[in-house]
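This is what each chain is made of:
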Amino acid sequence: MPGPRPGPPRPATPRADRSGLPRLIPKPGPAPRRPAPATPQVEVQRVAATPAQALDRADDTVDQLLDSGRNPGDILVLTVGEAHPWQQHELSFGEERYWAQLTEGGDVFYADAALTRPVRREVVVLVVNGGSAARAAEAYTEAIGRATALLVVCGEAGPVAADAAGAAPGRPVKA
């Protein structure tokens, strides 16, 4: 009668070295980082305007946006200098009613660029109608963070595109 057959070969296992201590197996490093999901790019358009012209250019821009089919509730207008006359009008009915309009989201909302409430709208129109260059730059950064699709800058704020300097007043220029 033949003897027992040998089994399959065993995988190598860590063995104690001659000193009786187990051999250490290095831990695998951290998993490779996954790239962050791509965030949609916000289009930036510029409308050349002096601080004195910025409100008029912004009103023209809002009219063009509405005429092109944009929903009024998708538009946020932020001013760097003095408050927009429509904001002043709405505030005349009281703070509570003014902020309720923001929550309802059914109409164009006008606010100061230093707005501290969390607001995001499809389109943000930034009106540089006064204030310092530093405040305009800060407002630009805030405005681009509030826009989900389009930021229209009426006046000088943020990085200036090379072709924006020659733009005709009231004509948007892609940045």
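Residues numbered from 1 in each chain as written. Predicted model: local features only at pLDDT ≥ 70, side-chain atom pairs only at ≥ 80, totals over all residues. Heavy atoms only, no water.

**Considering the side chain of histidine 84**
Within the secondary structure layout, histidine 84 lies in the loop between β2 (75-79) and α2 (85-91). A distance of 2.7 Å separates a polar atom in the side chain of histidine 84 from a polar atom in the side chain of aspartate 59. Setting aside residues up to four positions removed in sequence, histidine 84 forms contacts with Leu55, Asp59, Thr79 and Tyr110. (Helix = DSSP H or I, 4+ residues; strand = E, 2+ residues; numbered from the N terminus. Polar contact = N/O pair within 3.5 Å; in protein donor to acceptor, adjacent residues only side chain to side chain. Contact = heavy atoms within 4.5 Å.)

**Considerations on the confidence of the model for the chain**
Per-residue pLDDT for the chain averages 81, and the proportion of residues at 70 or more is 67%. Across residues 161-175, confidence stays below pLDDT 50; counting only partners more than four residues off in sequence or on other chains, it has 26 contacts. (pLDDT = per-residue confidence, 0-100.)

**What to know about the side chain of arginine 46**
Here arginine 46 is to be found in strand β1 (residues 43-47). Looking at arginine 46, its side chain comes within polar contact range of the main-chain oxygen of alanine 157, at 2.9 Å.

**So, a negative patch on the surface**
Taken together, the side chains of Asp56, Asp60, Asp63 and Asp67 define an acidic patch exposed on the protein surface. Relative to the elements of secondary structure, aspartate 63 occurs in helix α1 (residues 54-67). (Patch = residues over 30% accessible without salt bridge, like charges linked within 9 Å, V, L, I, M, F, W, Y side chains within 5 Å. Areas by Shrake-Rupley, 256 points an atom, 1.4 Å probe, with all protein chains shown as cover. Salt bridge = Lys/Arg side-chain N within 4 Å of Asp/Glu carboxyl O. Lys, Arg positive; Asp, Glu negative; His and termini not counted. Charge placed at Lys NZ, Arg CZ, Asp CG, Glu CD.)

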